[in-house]
Amino acid sequence: MTNFNIILFLCGWGPHAAYQTLQDNGSDIPPEIKMVRIPCTGRISKALLFKPFEMGADGVVLAGCEPGSCRYGTGTNTALNNVEDTRGILDLLGLGEDRLRLVTFLPDEPEALLEFLTDFVSEIKGIGKSPVVPPHKKTPLVGVDDLIKQTVVAYDVYTCLDCGKCTSACPLTLAGKPFSPRAIASTIISGNIDSPSVQNDIWACLTCGLCYERCPSAVNFPEFIRDIRHILKKSGSNGHAAHGGFFQSLMRTMTSPDLKIKHWEWLPEEIRTDDKSKTLFFGGCAPYFDIFFRNHLGVKTRKILVDSLRLLNFFDIRPAVLDDERCCGHDLLWSGDKENFLKLARLNVDAIHRMGVQEIIIGCPEGYRTFVHDYPEHGIECNFKVTHIFELLEREIDKGAVGFKKFNRKLTFQDPCRMSRFENCADLPRKLINRLNLKGFTEMQDRETGAICCGNCAWIGCDSFSKAMQVKRIGQVHDTESDLLVTACPKCQIHLQCAMEDPFLGEELDTKMMDLTSVLAKTIQWE
Amino acid sequence: MTEQKDIKQEIVITGFGGQGIVLAGRILGEAVVLGDHRQSTLVQSYGPEARGGACSAEVMISDEPIQYPYVRHPDILICMSQSGYDKFIEQLKPEGTLIIDHDLVKPRGIDRTFFSIPCTRMAEELGRVMMANIVMLGFFTAITKAVSLESARNAVLESVPKGTEETNTAAFNKGHDYGLAVLKGREKKATGKAGA
Ligand code: SF4
Ligand code: SF4
Ligand code: SF4
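The structure presented is a predicted model; accordingly, all values stated were derived computationally and were not measured.

**What to know about the overall build of chain B**
- Across its full length, chain B holds 6 helices and 6 strands.
- Overall, chain B shows an N-to-C arrangement of helices and strands of β-α-β-β-β-α-β-β-α-α-α-α.
- Compactness check: chain B gives a C-alpha radius of gyration of 16 Å against a globular reference of 16 Å for 196 residues, within 12% of the reference.
- Considering only C-alpha atoms, chain B reaches an extent of 45 × 40 × 35 Å along its principal axes.
- Residue pairs in contact within chain B that sit at least 24 positions apart in sequence constitute 60% of those at least 6 positions apart.
- Just so you have it, chain B exposes about 9300 Å², and 53% of that area is on carbon and sulfur atoms.

Here it is, written out as structure tokens:
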């Protein structure tokens, strides 16, 4: 037998008939091909296209009908986009886009189908085995109740006064969701972790931390929820992932040490980096986001990374970048997968140590929080200093001789929860904003440590209530009469942009957004 | 800009009494002699009344013994007051370097490039307006390189009152950082890359 695995997603209409003819005739279908019959190529989301790669597949074929002959009209077009996006992601990951193919066959083309499959198998053999290590079989968790109890003790949830301040602060509750952190806490304390409401609500919490901010007993609810998630996940809960779990799947795939990730290959020519530098710029997952959301939201969060590097170059800092940079693991940690979070953390930290770097600069607030806080807390020691890019810019600009061109906009600012609330750095972006040469800057009603979440965290639990909350938040933006919403996290842009795609409210919600880094890079100048 | 190993440099620091003009001159001279092991002299002159009146320090720096300590045509002129500027500007060599306090001096009647730093304002922001001279010294060190950074910083530490070392070092660094930033900005502008 062969050790190559190639998954063939086969549409039950056109190509399946051709495949059946091959089977009926006893044709030599390569044994590497594992066929999965599907109703329509358009139903195979990016998450499903990618899943086999996470499981270690060497190649994937999506076989459907010619664009005009799709039984459901638009299936093939949807598949085209999904395949193109997933191929882009495979390329960044270093797996190579050639491992995924979209093909179409008519029922009367069995020979052509066979020829293609044979060629594809030899092509994949030419590329070689996938370096992805398939996940090992999970052993069911024992002693769940005890683990839950330990977590309750660790976070001292018993000190909860049942005052309800958390619930009255929670943006999900305020958006009308039948959801209460106080109730979750007391249900878990009383030993009812299996109650259906808790099992659902655990995955709905945004871990935004507003409740913790208000709690008179300082119950760290978001971290408590996070650790409960790990237990539930290990005992088999599916975790309500958004986008079919694509991002978690992507991050887990990155835990394979032999991947030759190409995180920075797209970087524009004029950006100057230096692999011998003692300073490293850690960019974060924006390149993946832009490919994934290319057709849906059209976000350009990669620009934030380019502008960050431009600003560093402006100050004659040519940082190193990590060619095989991996996700920091923030979203795995917060969506219940500590095991793979730790793998990513080790791979990143080891790679940075190998480069002999003394300081890393991070622009992504989640990455910053994860490096300064969660890595050490989980026993991953970093022998380097971690600096947020705003800190560095403030320091450099404060030296003087730098000014800002007039920027004829009225701004308001969306605080990233991981920076403003968790790391208590709400003043940092504001110092920079105050240096700008603007038409105006008006704060939103809820801001700084009290700011409302952009709508999602760690790609789980996105629902109509989180949408309602986003609509409310955008309403606050409009109340300021600003004409530009400045953000400081790529995900704030993604999730808020998503809210603006609402088919009913879309136009009403429409708001221009720009990352603070980009505003700075656009207007900064030597005096 | 003047290179550190120029045979001889004549410097005038001018301002009004109370700004620490003479102290700045003394720190500079000590840095040159004790730190860089070169020769230096200092001549101080006060106006009619010591506090608030015009005041200046003349500093010579040389690799050879200095025979005559009075500056006639400075290579570097540092002005921390308008009257000081008005009095000395004519004497500055055509290719000399002019450095002024951005807020206190309006460089009128000249057609030459110069360096300016809001050193009094910066000192105020750092908590003590008295440290404007130290901020200026840091700036001067970065711009002219007439004295090495280490010697200048050490001389500041040696000369300021005990207990104020930290704030004075911060003041010196502030001026020095600003000087480096100004030089970098000029260089970038000259190559047409003023923005990011
Ligand atoms: S962390 Fe945020 S979403 Fe979760 S319960 Fe607290 S306030 Fe609500
Ligand atoms: S705010 Fe704190 S003390 Fe009050 S109900 Fe919520 S968790 Fe309990
Ligand atoms: S808000 Fe939009 S982009 Fe964000 S998780 Fe939900 S569906 Fe995805």
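From this point, the discussion proceeds with the structure in view.
**Considerations on the pairing of strand β10 (residues 406-413) of chain A**
All names here are of chain A.
- Here β10 pairs with strand β11 (residues 437-441) via 4 bridges, running parallel. Along β11, the bridge assignment pairs K406 with N437.
- Across 3 bridges, β10 lies against strand β12 (residues 484-487) in parallel orientation. By the bridge assignment, F413 is partnered in β12 with V486.

**Quick look at the packing of aromatic side chains**
Residues and elements named next belong to chain A.
- As enumerated under the stated definition, the model contains 28 aromatic pairs over all chains in all.
- Here W264 and F281 contribute two aromatic rings whose centre-to-centre distance is 6.1 Å and whose plane-to-plane angle is 55°, an arrangement assigned as tilted. With W264 in the loop between α12 (246-253) and β5 (279-282) and F281 in strand β5, this pair connects stretches of sequence that are 17 residues apart.
- Its relative accessible area of 1% is what places F281 among the buried residues.
- A connected cluster of aromatic rings, assembled from ring pairs, spans F50, F53, F246, F247, F289, F292, F293 and W459.
- Taking NZ or CZ as reference, K46 lies 4.3 Å from the ring centre of F292, over its face.

**Concerning the pairing of strand β4 (residues 76-79) of chain B**
All names here are of chain B.
- Burial along β4 is two-sided: the face carrying I76 and I78 and the face carrying L77 and C79 are both buried.
- Looking at chain direction, strand β1 (residues 8-16) and β4 are connected through 4 bridges and run parallel. Bridging from a neighbouring strand, V12 pairs with L77 of β4.
- Handedness of the crossover joining β4 and strand β5 (residues 97-101) through helix α2 (residues 82-88): right-handed.

**Let's talk about the site of ligand 1**
- Around ligand 1 lies a shell formed by C170, P171, F179, P181, C205, L206, T207, C208, G209, L210, C211 and F221 of chain A.
- Taken together, the residues of the shell around ligand 1 sort by class into 10 nonpolar, 2 polar and no charged.

**Quick look at the interface of chain A and chain B**
- Contact with chain A, which involves 16 residues of that partner, is made by 13 residues of chain B.
- Of the roughly 1200 Å² buried between chain A and chain B, counting both surfaces, carbon and sulfur atoms make up 56%.
- Seen at the junction of chain A and chain B, the total is 2 salt bridges.
- Across the pair D316 of chain A and K188 of chain B runs a salt bridge, and its minimum N-O distance is 2.8 Å.
- There are 6 residue pairs in polar contact (both at pLDDT 80 or more) connecting chain A and chain B.
- Of all elements in the fold, only α14 (302-314) and β14 (524-526) of chain A reach the threshold of two or more residues within the side of chain A that touches chain B.

**Concerning the packing of helix α1 (residues 21-35) of chain B against helix α4 (residues 132-144) of chain B**
All names here are of chain B.
- Contact geometry for α1 and α4: axes closest at 9 Å, N-to-C directions at 40°. The orientation of α1 with respect to α4, classified from their angle, is oblique. The way α1 lies across α4 gives a crossing that is right-handed. Taking contact as the criterion, the partners of L23, A24, I27 and L28 in α1 are, on α4, N133, I134, L137 and F140.
- Looking at the contact of α1 with α4 residue by residue, the classes come out as 7 nonpolar, 1 polar and no charged.

**Details of the pattern of salt bridges**
All names here are of chain A.
- The tally for this structure, following the rule as stated, stands at 43 salt bridges over all chains.
- Measuring nitrogen to oxygen at the nearest pair gives 2.8 Å for the salt bridge that ties K125 to E32. In this pair, K125 is assigned in helix α4 (residues 110-127) and E32 in the loop between α1 (14-24) and β2 (33-38), connecting sequence segments 93 residues apart.
- On the basis of relative accessible area, K125 is assigned to the partly exposed category, the value being 40%.
- Exposure remark for E32: the relative accessible area of 4% places this residue in the buried category.
- One salt-bridge network, in which partners are shared between bridges, spans E223, R226, D227, R369, D374, E377 and E423.

**So, the domain arrangement of chain A**
Residue and element names in this part refer to chain A.
- Taken domain by domain, chain A consists of domain 1 (6-127), domain 2 (144-234), domain 3 (257-394) and domain 4 (396-526).
- Look at where the C-alpha atoms of domain 2 and domain 3 centre, and you get two points 31 Å apart.
- The interface of domain 2 with domain 3 comprises 10 residues on the first partner and 13 residues on the second.
- Summed over both sides, the interface of domain 2 with domain 3 buries roughly 800 Å², with 49% coming from carbon and sulfur.
- Summed over the three residues of domain 2 that lose the most area to domain 3, namely E223, R226 and H230, the buried surface amounts to 62% of that side.
- At the boundary of domain 2 and domain 3, one finds 3 salt bridges.
- Residues E377 and R226 are paired through a salt bridge, measuring 3.8 Å at the closest nitrogen-oxygen approach.
- For the interface between domain 2 and domain 3, the tally reads 7 residue pairs in polar contact (both at pLDDT 80 or more).
- Of the residues contributing to the side of domain 2 that touches domain 3, the split by class is 2 nonpolar, 2 polar and 6 charged.

**Things to note about α14 of chain A**
Residues and elements named next belong to chain A.
- Here α14 contains 13 residues, and its C-alpha end-to-end distance of 18 Å stays within 8% of the 18 Å for a straight helix at 1.5 Å per residue.
- Taking burial as the measure, the 13 residues of α14 include 10 buried ones, the bulk of the element.
- Turning to α14, its buried residues are I304, L305, V306, D307, S308, L309, L311, L312, N313 and F314.

Conventions adopted
- Residue positions are given per chain, counting from 1 as you read along its sequence in written order.
- Note on labels: chains are lettered from A, ligands numbered from 1, in written order.
- The predicted nature of this model means local features are confined to residues of pLDDT at least 70 and side-chain atom pairs, given and counted, to a pLDDT of 80 or more, with totals for whole chains, interfaces and linings taken over all residues.
- Neither water nor hydrogens contribute to the side-chain values; these are computed over all heavy atoms in the structure.
- The helix count covers DSSP runs of H or I at least four residues long, the strand count covers runs of E at least two residues long, and both are numbered beginning at the N terminus.
- Just to be clear, the radius of gyration here is over C-alpha atoms, and the globule rule we use is 2.2 Å times residues to the power 0.38.
- The contact criterion used is simple: two residues touch if any of their non-hydrogen atoms lie within 4.5 Å.
- Only the protein chains shown count as cover for residues, and all accessible areas are computed by the Shrake-Rupley method using a 1.4 Å probe.
- Here the rule is simple: two strands pair whenever DSSP picks up at least two bridges between them.
- Whether two aromatic rings pair depends on their centres lying within 6.5 Å, for rings of Phe, Tyr and Trp, where Trp uses its six-membered ring; planes under 30 degrees apart make the pair stacked, over 60 edge-to-face, and the rest tilted.
- When accessible area is computed with a 1.4 Å probe and restricted to protein chains, residues below 20% of their type maximum are described as buried, those above 50% as exposed, and intermediate ones as partly exposed.
- The rule for a charge over a ring is simple: NZ of Lys or CZ of Arg within 6 Å of the ring centre, and within 35 degrees of the ring normal.
- If the strands point away from the viewer and the path from the first strand over the helix to the second runs clockwise, then the crossover is right-handed.
- Here a residue is considered near a molecule or strand provided that any single heavy atom belonging to it is located within 4 Å of it.
- Any residue that is not Ala, Val, Leu, Ile, Met, Phe, Trp, Tyr, Cys, Pro, Asp, Glu, Lys or Arg is counted as polar, Gly included; the first ten are nonpolar and the last four charged.
- The buried area of a pairing is the accessible area, by a 1.4 Å probe, that goes missing from both parts when the two are put together, added over both.
- By salt bridge we mean one thing: a side-chain nitrogen of Lys or Arg within 4 Å of a carboxyl oxygen of Asp or Glu.
- For the purposes of these results, a polar contact is taken to be a pair of N or O atoms within 3.5 Å, where, inside protein, one atom must be able to donate a hydrogen and its partner to accept one; residues adjacent in sequence count only when each atom of the pair is a side-chain atom.
- An axis is simply a line fitted to the C-alpha atoms; with a helix, the fit covers only the stretch in contact. Between two such axes, the angle follows the N-to-C directions and lies from 0 to 180 degrees.
- An angle below 35 degrees is read as roughly parallel, one above 145 as roughly antiparallel, one from 65 to 115 as roughly perpendicular, and any other as oblique.
- Here a crossing is called left-handed whenever its near helix is offset anticlockwise from the far helix by less than a right angle, and right-handed whenever the offset is clockwise.
- These domain limits were set by an automatic method or by a database of domain assignments.
- Given a helix with a known number of residues, its expected span is that number minus one, times 1.5 Å.

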